[in-house]
Amino acid sequence: MRGFYCLQTINKNKLEKSDYIFGIRPVLEALEASESIDKILIKREINGELIKEVLSKAKEYDVPVQRVPNEKLNRITMKNHQGVIAIVCPIRYHNLENLLVSLYEEGKTPLGVILDGVTDARNFGAIARSAECAGADFIVIPERGSASVTSDSVRSSAGALFHIPVCREKDLVKSIAKLHDNGYKVVGASEKSSENYTDVDYKVPVAIIMGAEDTGLSPDVLRRCDELAAIPILGKVGSLNVSVACGVILYEAVRQRRVL
């Protein structure tokens, strides 16, 4: 596309060169061309007509915008970013409502995963890998406060993120309501639960919610779960890695469904 500037790889800790588009005009072109953009970073103090146009287009296409210090932009690239950098998503996110309809039309008993506050890209990728291997039908992530689909998470997923639909939702509470309206049971993973994860019935349409490793499920999400499931911890370490815990619960669902 005309006028695009992409971040050059500086070292192994940087993302791939296709992960960023920088410069006001190139970002506008990307938005107008319906490029899959995860979010746009704009210098905190910058304003003007072109910036207003970027903000308007971002709102039109439902792309999150963050105002950030110039130092953050410079850490990404020292080239002429003009105060605007777009982070490109390697995939296209799915619409949850449309996906739920299509799954039922396919005659499936759906199995989904919801991530509440999982911010580490490698954990997200590992969860996606387990979910895809277990035959899960979708993953839901929040728009803010969550890891998103980047080259790092794609690598950690061993490419699974190219094969399992990912829905990015503004409000997880409203997403849970959509699932309930479509006949799903919502099961939250919580070490505080008295119910063993193997005692939960996963043979119905179900979405499993995994929370952040340090804080667990957020209170609003916790209150809307139909059941809470705990994995027994028998050793001295207090908890499992979130991606491992998700895999354990997913494969209990697989086990139950295979004996039908």
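I will try to describe carefully the structure that is included in this document. (Residues numbered from 1 in each chain as written. Predicted model: local features only at pLDDT ≥ 70, side-chain atom pairs only at ≥ 80, totals over all residues. Heavy atoms only, no water.)

1. Details of the packing of helix H4 (residues 96-105) against helix H7 (residues 172-181)
Here is step 1: Relative orientation of the contacting elements H4 and H7 amounts to 20°, with a least axis distance of 11 Å. For the element pair H4 / H7, the angle class is roughly parallel. Where H4 crosses over H7, the two elements pack in a sense that is right-handed. Between H4, through Leu96, Glu97 and Leu100, and H7, the contact on the second element is made entirely by Ser175, Lys178 and Leu179.
Here is step 2: Looking at side-chain class alone, the contact of H4 with H7 contains three nonpolar, one polar and two charged residues. (Axes fitted to C-alpha atoms, helices over the stretch in contact; angles between N-to-C directions. Helix = DSSP H or I, 4+ residues; strand = E, 2+ residues; numbered from the N terminus. Parallel < 35°, antiparallel > 145°, perpendicular 65-115°, else oblique. Left-handed = near helix turned anticlockwise from the far one by under 90°. Contact = heavy atoms within 4.5 Å. Nonpolar A, V, L, I, M, F, W, Y, C, P; charged D, E, K, R; others polar.)

2. Description of helix H2 (residues 49-60)
Here is step 1: In a regular helix each residue adds 1.5 Å, so 12 residues correspond to 16 Å; H2 covers 16 Å between its end C-alpha atoms and thus fits that length.
Here is step 2: Listed in full, the buried residues belonging to H2 are Ile51, Val54, Lys57 and Ala58. The arc enclosing the buried residues of H2, seen along the axis, measures out at 125°, which places them on a common side. Those residues of H2 that are exposed and angled more than 90 degrees off the buried face are Glu49, Lys52, Lys59 and Glu60.
Here is step 3: Positioned one or two residues after H2, Asp62 has a phi angle of 60°, which is positive. (Expected span 1.5 Å × (residues − 1). Buried < 20%, exposed > 50% of the residue type's maximum accessible area, 1.4 Å probe, protein only. Arc of directions from axis to C-beta.)

3. Quick notes on the packing of aromatic side chains
Here is step 1: All chains considered together, the criterion is met by two aromatic pairs.
Here is step 2: Between Tyr104 and Tyr184, the ring centres sit 6.1 Å apart and the planes meet at 65°, which makes this aromatic pair edge-to-face. Placement of Tyr104 in helix H4 and of Tyr184 in the loop between H7 and strand E8 (185-189) is noted, with a sequence separation of 80 residues between them.
Here is step 3: A relative accessible area of 4% means that Tyr184 is categorised as buried.
Here is step 4: Clustering of aromatic rings is evident, with ring pairs tying together Tyr104, Phe138 and Tyr184. (Phe/Tyr/Trp six-rings, centres within 6.5 Å; stacked < 30°, edge-to-face > 60°.)

4. Focus: unusual backbone geometry
Among all residues except glycine, the phi angle is most often negative; among peptide bonds, the trans geometry is most common.
Here is step 1: The phi dihedral of Asp62 falls on the positive side, at around 60°, and the residue is not glycine.
Here is step 2: Following the sequence through the fold, Asp62 ends up in the loop between H2 and strand E3 (65-68).
Here is step 3: Even without being a glycine, Gln82 presents a positive backbone phi close to 60°.
Here is step 4: Residue placement: Gln82 occurs in the loop between helix H3 (70-76) and strand E4 (84-88).

5. Some details on the pattern of salt bridges
Any two side chains of opposite charge can pair, so long as their charged atoms come close to each other.
Here is step 1: Enumeration over the complete set of coordinates arrives at 13 salt bridges.
Here is step 2: Note that Glu49 is salt-bridged to Lys52, the shortest N-O span being 3.7 Å. Of this pair, Glu49 and Lys52 both sit in helix H2, separated by three residues, roughly a single helical turn. You'll find Glu49 and Lys52 in the same group, each marked exposed.
Here is step 3: Lys170 is paired through a salt bridge with Asp62; the nearest N and O atoms lie 3.1 Å apart. Of this pair, Lys170 sits in the loop between strand E7 (166-169) and H7 while Asp62 sits in the loop between H2 and E3; the two residues are 108 residues apart in sequence, bridging distant segments of the chain.
Here is step 4: Taken together, the shared-partner salt bridges connect Glu106, Lys108 and Asp137 into one network. (Salt bridge = Lys/Arg side-chain N within 4 Å of Asp/Glu carboxyl O.)

6. Considerations on the environment of Lys72
Here is step 1: Considering the arrangement of structural elements, one finds Lys72 in helix H3.
Here is step 2: When its relative accessible area of 32% is taken as the criterion, Lys72 is described as partly exposed.
Here is step 3: If we skip the residues at most four places from it in the chain, Lys72 touches Leu41 and Gln66.

7. Description of the sheet that holds strand E2 (residues 37-43)
Here is step 1: The sheet built from four strands is open, its strands ordered E1-E4-E2-E3 with mixed pairing. Strand pairing shows two members of the sheet lacking a second neighbour, strand E1 (20-22) and E3, which therefore form its edges. Neighbour-to-neighbour, the strand axes of the sheet open up by a mean angle of 25°, direction not taken into account.
Here is step 2: As judged from the four bridges shared by E2 and E3, these two strands associate in the parallel manner. If you follow Leu41 over to E3, its bridge partner there is Gln66. (Pairing = 2+ DSSP bridges.)

8. Points about a nonpolar patch on the surface
Here is step 1: Where nonpolar side chains cluster on the molecular surface, the patch consists of Ile233, Leu240 and Val244 and spans about 210 Å² of accessible area.
Here is step 2: Tracing the backbone through its elements, the reader meets Ile233 in the loop between strand E10 (227-229) and helix H9 (242-258). (Patch = residues over 30% accessible without salt bridge, like charges linked within 9 Å, V, L, I, M, F, W, Y side chains within 5 Å. Areas by Shrake-Rupley, 256 points an atom, 1.4 Å probe, with all protein chains shown as cover.)

9. What about the pairing of E2?
Here is step 1: Among the seven residues of E2, five are classified as buried, and the element is accordingly described as predominantly covered.
Here is step 2: Bridge count for E2 against E4 is five bridges, and the pairing is antiparallel. Across the sheet, the residue bridging to Ile42 is Val84, located in E4.

Geometric values such as these leave the question of function open.
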